[in-house]
Amino acid sequence: HVHDSLPGETDTDYQQDVIIHASWEGFFDRESGVMFYLVTVAEECLNLGNMASVGNSSFVTNTTSTYVTWEAPHPGTYYSTVVAFNRALEPSQPICSDGVTIDNSPPMLREVLVDNVRLKPGLVRDGEGNVWMVDRNGYRQPAPLCRNVSREVEDIELWPLLQLPNGTVHPGNETDCQLYQELSTRTYMTEENLLSLRWNGEDQESDIYDYEVGMSSTESPDLPDILQFTSTNAHPHFTTYHPNLGQGKQFYLVIKAINRAQMFTTKVLGPYIVDVTPPAFAGQIDVTLEEHDGEQMLVGRWECDAFYETDGDDALLLFEFAVGHSPEFRTAPFHTTTS
């Protein structure tokens, strides 16, 4: 057998280090014994005919030892091939290892969606100058005309792209930039004691080994103190009940992606603020019958500060209205209004 490791150590499939180790055992010759070994480390398994003509990114040597060490010139997957020669210089069959992948690039984390959250819609700008409008649910769409009222963010891909029903990316609308400000850093959760989220992760070189999720009272990515790092068993989603996520609680989400070479990427999101209290109302609603464009219409008016949030952000308020003969019964369904 040929192993991608030092003698006596566990065979390695993925690693960060460019130093490759190979070892072997089981070669024997009953008549004259093994005299030496021909060993190559290359990006493919080789046969005896091409072992001596390897390229610059490969390694070949004769040795009487049962292991070799070589520094690879770049990341990739490398295979060790060993041929044993007896004292009559007769070769054995080439035996190849199952390969070791060198990966020194961390995995990617993007498109994080947390259930039961609400944001104040706002504008962000990525490192390339593209401007995006992020909606109440955390999806983004292009808003190229609003550069002057956006704030720059490092990880624009943490916000998923808004998609149309046919699966294509939303092209964006002609956003009235005066209606929006730069995206707030605060996000509100509308569910107590329950955290549920999902995301996308990728590592093209060595695949994802695991994800870990934690909750912290600070932006530190290292030691979450509300919920310690918890494995998802490589699933890109996580749900937990936590008794400390009550009304008014503020916390940060910490998500870690780990590849099979044990490289990792950590993202900190938040702060999130738990707000399960309904908005309050102070004042009255005046209803009048008015003529608009030749039609009689009911018009309801209230002061701009009549509805307000007791613990959250007034800009998150969304108004719906219905018409009926009494408070309990309506003759038309609820409709949404922006003012």
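Owing to the predicted nature of the structure, the values given are computational and were not obtained by experimental measurement.

Caption draft 1: Representation of the state of the cysteines in the model. In total, this model carries one disulfide according to the counting rule given. Across the disulfide from Cys45 sits Cys96; the S-S distance is 2.0 Å. Because the sign of the S-S torsion sets the handedness, a value of about -80° for the bond joining Cys45 and Cys96 places this disulfide among the left-handed ones. One end of the pair, Cys45, is in the loop between strand E4 (34-42) and strand E5 (59-63); the other, Cys96, is in strand E8 (residues 95-96), and 51 residues separate them in sequence.

Caption draft 2: Spotlight on the packing of aromatic side chains. Counted by the stated rule, this structure contains seven aromatic pairs. Aromatic side chains Trp24 and Tyr37 sit 5.5 Å apart centroid to centroid with 65° between the ring planes, which places their arrangement in the edge-to-face category. Of this pair, Trp24 sits in strand E3 (residues 19-24) while Tyr37 sits in strand E4; the two residues are 13 residues apart in sequence, bridging distant segments of the chain. The pair formed by Trp24 and Tyr37 is uniform in burial state, with each residue classed as buried. Judged by centre distance (5.7 Å) and plane angle (75°), the rings of Trp70 and Tyr78 are edge-to-face. With respect to burial, Trp70 and Tyr78 carry one shared label: buried.

Caption draft 3: Fine view of the nonpolar core. Among the nonpolar cores identified, the biggest contains 32 residues, and Leu197, Trp199, Phe251 and Leu253 are the most heavily contacted of them. Those elements that place two or more of their residues in this core are strand E10 (108-114), strand E13 (131-134), strand E18 (194-202), strand E19 (208-216), strand E22 (250-259) and strand E23 (264-274). Among residues more than four places away in sequence, those in contact with Leu253 are Val114, Leu195, Leu197, Val213, Gly214, Met215, Lys267, Val268, Leu269 and Tyr272. Within the second largest apolar cluster, 17 residues are counted, among which are Val2, Tyr37, Phe59 and Ala84.

Caption draft 4: Broad picture of the pattern of salt bridges. Counted under the stated rule, the structure contains six salt bridges. As a salt-bridge pair, Asp115 and Arg198 come within 2.7 Å of each other at their nearest N and O atoms. Placement of Asp115 in the loop between E10 and strand E11 (117-118) and of Arg198 in strand E18 is noted, with a sequence separation of 83 residues between them. According to the relative accessible area criterion, Asp115 is partly exposed, its value standing at 28%. Judged by relative accessible area, Arg198 falls into the partly exposed class, the value being 37%.

Parameters at a glance
- Residues numbered from 1 in each chain as written.
- Predicted model: local features only at pLDDT ≥ 70, side-chain atom pairs only at ≥ 80, totals over all residues.
- Heavy atoms only, no water.
- Disulfide = S-S within 2.5 Å.
- Helix = DSSP H or I, 4+ residues; strand = E, 2+ residues; numbered from the N terminus.
- Phe/Tyr/Trp six-rings, centres within 6.5 Å; stacked < 30°, edge-to-face > 60°.
- Buried < 20%, exposed > 50% of the residue type's maximum accessible area, 1.4 Å probe, protein only.
- Core = buried A, V, L, I, M, F, W, Y, C linked by side-chain atoms within 4.5 Å.
- Contact = heavy atoms within 4.5 Å.
- Salt bridge = Lys/Arg side-chain N within 4 Å of Asp/Glu carboxyl O.

Everything listed here is a matter of geometry and, on its own, says nothing about what the molecule does.
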